[in-house]
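Overview (structure and organization)
The residues making up each chain are set out below.
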Amino acid sequence: MNAIEIRNLSKSFRGMYAVDHLNMTVPVGAIYGFIGENGSGKSTTEKLICGHLVPEGGEIRLFGRDYTDPGVRVRVGALIENAGCFPGSSVYQNLRMQALNLNLANPDEEIRRVLKIVRMEEHAQLKFRKCSLGMKQRIGIAMALLGDPALLILDEPINGLDTDGMRIMREILVDITSNYGCTVLISSHLLGELEKIATHYGIIRQGRMIMEMSAAELEGRARVFVSLKTKDMAAAKAVLKAKFGDVREEEGYLRVYDVEEPETIVEHLLQNGHAVSEIRRNKIGLEEYYIELMSRKEDA
Amino acid sequence: MTHELRFESPSFVKRLKGMLGVDFYRLFHTPMYYIFLAIAAIIPAMILGTMGMENPQTGVAAAPLYTNVWHIIAAQKPLYVVSDIAEYANMNMVFIFGGIMVSIFIGHDYKSGYVKQLFTTHAKKIDYMLSKTLACAFAMACMCITYMLGAVSAGLLTGISFEVNVGSLLCALLGKIIMSLGWASLYTFLNIIFRRYFGVSIASSFFFGTGILIIGAAAILGNSSVLNIFLYGSSVYACLTSNLLTVAVCALVSVAWAVIYTLGGTLILSKCDVY
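We now turn to the structure provided with this report. (Residues numbered from 1 in each chain as written. Chains lettered and ligands numbered in written order. Predicted model: local features only at pLDDT ≥ 70, side-chain atom pairs only at ≥ 80, totals over all residues.)

Turning our eyes to something else, we now look at the overall build of chain A. The helix and strand inventory of chain A stands at 11 helices and 14 strands. Principal axes of the C-alpha set define a box for chain A whose edges measure 75 × 45 × 35 Å. Considering only intrachain contacts with a sequence separation of at least 6, the fraction spanning at least 24 residues in chain A is 71%. (Helix = DSSP H or I, 4+ residues; strand = E, 2+ residues; numbered from the N terminus. Contact = placed C-beta atoms within 7 Å.)

Right under this line is the structure:
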């Protein structure tokens, strides 16, 4: 069973497709990184799953059930755009309202639990409007966590956070999935951060899903490269290009792609009179994979 | 907490109970509600307290607007064509302030984004419409009561006559309180239509709350009891000559419009994007 299964989902605004016959599969227990450029349809897809927007066509199933079924909806939590809290009410009051909405048996206990998860126990009585951006995002997650959700949908939860805020948020998300077994759908522009936690990825472009893969598959698909430094970079580049083909100069290093053994490169450079001052074997990360994939699509 | 993949559909009653819980919690924890209750009490007290005061320039006292306290609660007889302010300015004014209060109450759901939290979970659109209507009807009914308390207090202080047929007064009061339901459903409906435009929703609530359309219709049709089928008409019908039939008419009209507006609002929310 999949946590989310979407077939041919469509939604347009003023005649333009924001989501164009999208297909998507999120396995149960996954942290699904939802990637795409601005306006690619990530937020619209998430709002459609949450029932905030009315789809024009297609099917959304959550845990094998229709997405409008209250039985499954009661176990969905979301943080879309903002925390959705009343600014004049305290953190506790906002959580209390959501707990009432969910008919929780022990609301106070449950509020304490989620505040502990998001490390906000000390700030329960603080007015929401007085919270910092990082705190507001964490309160949004606490709201979404009330009532033991099986699925969490988070739209750019780490945007605008400082380094420490991002670290805390990352730890919270890992905690939620490993200790509470939630499936998480998370969209973000910060691919480096996403790469640290995601188990699956979906890449969306112009409202269409162009690729879905697991983190293991990404690892397999990601190209290896050797990065190195020499005195005469331009000459070394020409020498390497002649033998190895795909050689690029990036961030002050020469990158030789699809070569598994750095020794062959070193040997070839030495034969041609170039000493190597620094050398390292690498694999391209999610961000580079994404950029490469996008540029291939643009070329096509 | 252990995480199990079990999905149990909450019943309609459970869903509505949850939503009502949220709305009443919010109502009682927002200063706006108490401010509107106070406004409802102050307005009749202010009208009664200041009427008949001497003009400081001429030294002549103005003719009092009301000679009986209960006239500020309800008109002596159902007059849909308004010829002077004393016939118009009675407890029906609560439905104008109430409209503004409902607009602010519902508008904040959208402005804060809280509505997303509600609709992400199990809440259905009809639960939202029903809950908002019931909570706001309760708030407006409370405003009717504080309005009456304000009028009575001012009446005691100014020494105006309290003479009235108690049965008719109770029927008029009950009729007006019952009309809160219909009015609340209208304002909820208007706020759903204009959910993206906070200012327009307040303006539209104020416009319809004044009953200007019915007053206009009455100017053409005359003082016809046909106008009782409208919210403002029935609110006027609940006057100091009311009887149990008046209460029944008010209940019928109020519930009928509440059903129409609730279904209308539910349809809009179901067919259109939430925000």
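Each helix and strand in chain B was counted, giving 11 helices and 0 strands. Its helices and strands taken in sequence order, chain B reads α-α-α-α-α-α-α-α-α-α-α from the N to the C terminus. A compact globule built from 275 residues would reach a C-alpha radius of gyration of about 19 Å, and chain B, at 21 Å, matches this within 12%. Each principal axis of the C-alpha distribution contributes one length, and for chain B these read about 80 × 40 × 35 Å. Put simply, chain B has 275 residues, and 49% of those count as buried. In chain B, the proportion of contacts linking residues at least 24 apart, taken out of those at least 6 apart, comes to 81%. (Rg over C-alpha atoms; globule rule 2.2 N^0.38 Å. Buried ≥ 20, exposed ≤ 12 C-beta atoms within 10 Å, placed from the backbone.)

All names here are of chain A. Both strand β1 (residues 2-13) and strand β2 (residues 16-27) contribute to a ladder of 8 bridges, which runs antiparallel. By the bridge assignment for β2, L9 is matched with L22. Counting the residues in the hairpin turn of β1 and β2 gives 2 residues, including R14, whose phi is positive at 50°. (Pairing = 2+ DSSP bridges.)

With 35 residues of chain B at the interface, the matching set in chain A holds 38 residues. Listing elements by their share of the side of chain B that touches chain A, those giving two or more residues are α1 (12-28), α4 (94-112) and α5 (114-120) of chain B. Sorting elements by how many residues they give to the side of chain B that touches chain A places α1 of chain B first, with 9 residues. When grouped by side-chain class, the residues that make up the side of chain B that touches chain A number 14 nonpolar, 12 polar and 9 charged. (Nonpolar A, V, L, I, M, F, W, Y, C, P; charged D, E, K, R; others polar.)

Residues and elements named next belong to chain A. Reading across from one edge, β12-β13-β11-β14 is the order of the 4 strands in this open sheet, with antiparallel pairing throughout. With partners counted over all chains shown, the strands left at the sheet margins are β12 (247-250) and β14 (276-283), one partner each. Between one strand axis and the next, the sheet turns through 25° on average, direction left out of account. Two strands pair when backbone bridges link them, and strand β11 (residues 224-230) and β14 are joined in this way by 7 bridges, in the antiparallel orientation. Its bridge partner lying in β14, T230 is registered against V276. Packed on one face of the sheet, helix α10 (residues 262-271) meets β11, β13 (253-257) and β14 and runs near 150° to β14. (Axes fitted to C-alpha atoms, helices over the stretch in contact; angles between N-to-C directions.)

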